[in-house]
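Each chain is listed here by its residues.
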Amino acid sequence: MASAHSSSSEPKPAILAEVNPVDIPRAAMVDNNRSFNWITEKICGIIEEKTPTWWWVLFIIACCTASFTLFGLVYLVSTGVGVWGLANPVNWGWAIVNFVFWIGIGHAGTLISAILCLLRQKWRTSINRAAEAMTIFAVVCAGLFPVFHVGRVWLAWFLFPLPNANAIWPNFRSALLWDVFAVSTYGTVSVLFWYVGLLPDLATIRDRCTSKVKQVLYGFFALGWRGSNRHWRNYEMCYLLLAGLSTPLVLSVHTIVSFDFAISLVPGWHTTIFPPYFVAGAIFSGFGMVLTLMLPLRAVYRLEDLITQYHIDCMTKIVLATGTMVGYAYGMEFFIAAYGANDFEIFAFVNRAFGNYAWAYWIMISCNVISPQFFWFKSIRENTTLVWIISIFVNVGMWFERFVITVTSLSRDFVPSSWGYYSPTVVDIFTYLGTFGLFSVLFLLFIRFLPLMAMAEIKAVTPQADPHHH
Amino acid sequence: MAKKYGLIAKFDTPADIMHAAEKVRDAGYKQWDVITPFPIHGMDPAMGLKRSIVPRFTIVGGTLGFTTGMSMIWFTNAYDYKILIGGKPLFSPMFAFPVSYELTILFSAFASIAGMFIMNKLPMHYHPMLKHKEVAASSDDKFFLYIETADPQYSEESTRSLLESLNPVEIDELDD
């Protein structure tokens, strides 16, 4: 950390007077020059106000939707995995599609909190808290599918290297086991990172609480944080380290998820392009979901001064960039298949675009490659309704991407006699729909009880937080 | 009558608190602290604090995580119950790498947070600052500096006059 007081006393380099550089205005992170107190009141006000009616309405709807997953899983456990539409040759149906979809959603949260922190992108401060919450809840939803896909869910602990009655250990050559470690590490580190970020804000709420119960609860979780600079010193270092650790983590998690496919021998899966292509797709879908969640919140809670047009611009541009990368990967897969001159590989890709699942392929292409291209235009980036609609397309498209990858390759594998057409059952559909309910329940609880934005971090990026501001 | 913990001064802006901290540092005090609602850039040198040693915990955690991963995989798959699959070697750092990599990160993250908690002596649910009447302002938009009575240089008159010379908004006593 450069010593700020010494830099102010040093004379400016003489060259600056000669070339007289143009002062490039930086976009403000908080519009209308709001004070520290305004930020505290705004964010804490959301938690302290009376629970709004819309919150209860949404919460009840979300609970009802979440019950679909509950019933679906109870039925699955009591009957068997056959209630999902899995049948030879497609034994990885919606379960793995939904798993990859939800894990991918989570990645934007970590990207915003970790990678943008390392890159000193100050605009992350007003969206990182909610995006990290989204990450954690998305990992919860994702984790359900593989855990229940194992069939005898009460034996799912066999996945971990724990001594069991068979005296046999898991096979560490399997990418599926790598996934267990990657996803559980990801979930754990995301929670830790989120909690460390919450500490100062929990202390703020604790100090403002009027009710004893809240004081004790928020106080307990705030761990006695008091904003001491001797603490901030270690805290900031710890936060930076966690950002530095989460960055390779987030890249590795989706890489390992892609290994589930890439280290198999199935045509269409066995490609080296998968890791970067999956990571780009994950960030793309995650930012789609961040926009889907944040734009309504911004409108409901009048947060326009904190999530400014500049923030939306930044997010849409990332969606545009990663969407274009994903489009490039779709094209490159065809090139690799053609150039590799492997009949099975070529067939797999022609079948994707023109075979029995062509409808899914073209939904994927139009949502993922075409829809983000609208973000080239400033007028569209400034129209929040359109941005929100496009973000929905991104979410839909990325679900279809995982569907296309999983199902087209499996349903048309090496031996034509085993070919089949996979369709989900009603249990599949409702279990999946229910996870949106589960996600919403968790997210609604989050916005009701925890500070939606990182107050301390937002205050620190305002101009008046700079000790040299006049 | 509550025991006195120290003298506390209140400031309105980050610039004021930083200049105040520089002067208290130069006066040679050791047992004092600055309370701010957010980390102020440049406050560490202004207080004369050195770089945090949390990274040392991280490197220990990371090394431990990586060796745990590698040795666990060797022990489980190549030693305790040999699993021979497709004639592949019983152990290779290649297939053991992804899991060891994840454990490196997991252990490092735990170690960093543990390091931060240990260095900060958290959780600490009791501290005189938390009882101060303006604690809500200290985590909102005001900046405080206190000097403890436990400081060897502390004396009622000289410390108070030092704090007064810093142009604070207000000086108050901090009860233990």
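Residues numbered from 1 in each chain as written. Chains lettered and ligands numbered in written order. Predicted model: local features only at pLDDT ≥ 70, side-chain atom pairs only at ≥ 80, totals over all residues. Heavy atoms only, no water.

### Focus: the overall build of chain A
Tallying secondary structure elements over chain A gives 17 helices and zero strands in all. Taking 470 residues into account, the globule formula puts the C-alpha radius of gyration at 23 Å, and chain A, at 24 Å, falls close to it. Principal-axis analysis of the C-alpha atoms gives chain A an extent of 80 × 60 × 45 Å. Residues counted as buried form 57% of the 470 residues belonging to chain A. (Helix = DSSP H or I, 4+ residues; strand = E, 2+ residues; numbered from the N terminus. Rg over C-alpha atoms; globule rule 2.2 N^0.38 Å. Buried < 20%, exposed > 50% of the residue type's maximum accessible area, 1.4 Å probe, protein only.)

### Considerations on the interface of chain A and chain B
Contacts between chain A and chain B engage 62 residues on the former and 73 residues on the latter. For the chain A and chain B pair, buried surface summed over both sides reaches about 6,100 Å², with 67% attributable to carbon and sulfur atoms. Contact with chain B buries surface across chain A, with A:R173, A:R226 and A:R230 losing the most and accounting together for 14% of the total. Between chain A and chain B we count one salt bridge in total. Taken together, the connections running from chain A to chain B amount to 31 residue pairs in polar contact (both at pLDDT 80 or more). For the side of chain A that touches chain B, the secondary-structure elements that each account for two or more residues are α1 (4–9), α3 (36–48), α7 (175–208), α8 (212–222), α9 (229–262) and α17 (455–460) of chain A. In terms of residues, the side of chain A that touches chain B owes the most to one element, α9(A), which gives 17 residues. (Contact = heavy atoms within 4.5 Å. Buried area = accessible area lost by both parts, 1.4 Å probe. Salt bridge = Lys/Arg side-chain N within 4 Å of Asp/Glu carboxyl O. Polar contact = N/O pair within 3.5 Å; in protein donor to acceptor, adjacent residues only side chain to side chain.)

### A word on the pattern of salt bridges
The tally for this structure, following the rule as stated, stands at 22 salt bridges over all chains. When the shortest N-O distance is used, the salt bridge between A:E333 and A:R352 registers 3.4 Å. Of this pair, A:E333 sits in helix α11 (residues 309–340) while A:R352 is found in helix α12 (residues 343–354), placing the two residues 19 residues apart along the sequence. Overall, the relative accessible area of 3% leaves A:E333 in the buried class. Taking the relative accessible area as the measure of exposure, A:R352 reaches 1% and is therefore buried. One network of salt bridges, in which partners are shared, links B:K4, B:E156, B:R160 and B:E173.

### What about the nonpolar core?
A general trend in soluble globular proteins is that nonpolar side chains are found buried together. Ranked by size, the top nonpolar core spans 197 residues in total, and within it A:W84, A:W102, A:F287, A:F443, A:F446, A:L452 and B:L145 carry the most contacts. A per-element tally of this core places α7(A) first, with 18 residues. A domain split of this core shows at least three residues from each of domain 1 (6–37 + 141–175) and domain 2 (54–119) of chain B. Those residues within four positions of A:W102 in sequence are excluded, and the remaining contacts are A:A138, A:C141, A:A142, A:F145, A:M289, A:Y432, A:T435, A:F436 and A:F439. (Core = buried A, V, L, I, M, F, W, Y, C linked by side-chain atoms within 4.5 Å. Domains from an automatic or database assignment.)

### Looking at a nonpolar patch on the surface
Residues and elements named next belong to chain A. Taken together, V77, W154, L155, W157, F160 and L162 make up a surface patch of nonpolar side chains, about 530 Å² in accessible area. Along the polypeptide, F160 turns up in the loop between α6 (128–149) and α7. F160 sits in the partly exposed class, given a relative accessible area of 33%. (Patch = residues over 30% accessible without salt bridge, like charges linked within 9 Å, V, L, I, M, F, W, Y side chains within 5 Å. Areas by Shrake-Rupley, 256 points an atom, 1.4 Å probe, with all protein chains shown as cover.)

### Topic: the packing of aromatic side chains
Counted according to the given criterion, the structure contains 65 aromatic pairs over all chains. An angle of 85 degrees between the planes, with centres 6.4 Å apart, marks the rings of A:F137 and A:F443 as edge-to-face. Residue A:F137 is located in helix α6, and its partner A:F443 is located in helix α16 (residues 426–449); the two are separated by 306 residues in the primary sequence. For the cation-ring pair, A:R230 lies above B:W32, with the distance from its terminal atom to the ring centre recorded as 6.0 Å. (Phe/Tyr/Trp six-rings, centres within 6.5 Å; stacked < 30°, edge-to-face > 60°. Lys NZ or Arg CZ within 6 Å of the ring centre and 35° of its normal.)

### Some remarks on the domain arrangement of chain B
Partitioning chain B into structural domains gives domain 1 (6–37 + 141–175) and domain 2 (54–119). Put simply, the middle of domain 1 of chain B and the middle of domain 2 of chain B, counted by C-alpha atoms, are 47 Å apart.

### Details of empty space enclosed by the protein
Counted under the stated rule, the structure contains four cavities of 30 Å³ or more. The volume enclosed by the largest cavity comes to roughly 80 Å³. Elements with a minimum of two residues in the lining of the largest cavity: α7 of chain A together with α5 (128–131) and α6 (135–138) of chain B. By residue number, the principal contributor to the lining of the largest cavity is α7(A), which donates five residues. (1 Å grid on protein atoms, 1.4 Å probe; cavity = no way out; pocket = protein on both sides within 12 Å on 5 of 7 lines; lining within 4 Å. Points joined across faces, edges and corners; volume = space filled by probe spheres on them.)

### A few points about the confidence of the model for chain A
One rule of thumb: low pLDDT means the predicted coordinates there are not for detailed reading. The predicted model of chain A has a mean per-residue pLDDT of 90, with 97% of residues at 70 or higher. Every residue in residues 1–9 of chain A scores below 50 in pLDDT, and together they form 17 contacts with partners more than four places removed in sequence or on other chains. (pLDDT = per-residue confidence, 0-100.)

### Some remarks on the packing of α6(A) against α16(A)
All names here are of chain A. Running from N to C, α6 and α16 point in directions that differ by 145 degrees, and their axes come no closer than 10 Å. Here α6 and α16 pass one another in a crossing that is right-handed. Along the contact surface, α6 presents R129, A130, A133, M134, F137, A138, V140, C141, L144 and F145, while α16 presents T431, Y432, T435, L438, F439, L442, F443 and F446. Of the residues belonging to the contact of α6 with α16, the class tally is 15 nonpolar, two polar and one charged. (Axes fitted to C-alpha atoms, helices over the stretch in contact; angles between N-to-C directions. Left-handed = near helix turned anticlockwise from the far one by under 90°. Nonpolar A, V, L, I, M, F, W, Y, C, P; charged D, E, K, R; others polar.)

### Digging into the environment of A:I312
Residues and elements named next belong to chain A. Within the element layout of this structure, I312 appears in helix α11. On the accessibility criterion, I312 (0% relative accessible area) is buried. Spatially, the C-alpha atom of I312 lies 28 Å from that of T53, the residues being 259 residues apart in sequence. In contact with I312, not counting residues within four places along its chain, are L295, R298, I307, R381, T384 and V387.

### Side note on helix α3 (residues 54–80) of chain B
The end-to-end C-alpha distance of α3(B) is 37 Å, a good match for the 39 Å that 27 residues give at a rise of 1.5 Å each. Along α3(B), the sharpest change in direction is near 25 degrees and occurs at B:W74. Along α3(B), the residues classified as buried are B:V54, B:T58, B:G61, B:G62, B:G65, B:G69, B:M70, B:M72, B:I73, B:T76, B:N77 and B:A78. Of the surrounding elements, those touching the buried residues of α3(B) are α7 and α9 of chain A together with α4 (93–120) of chain B. (Expected span 1.5 Å × (residues − 1). Bend = angle between axes of the 7 residues up to and from the residue.)

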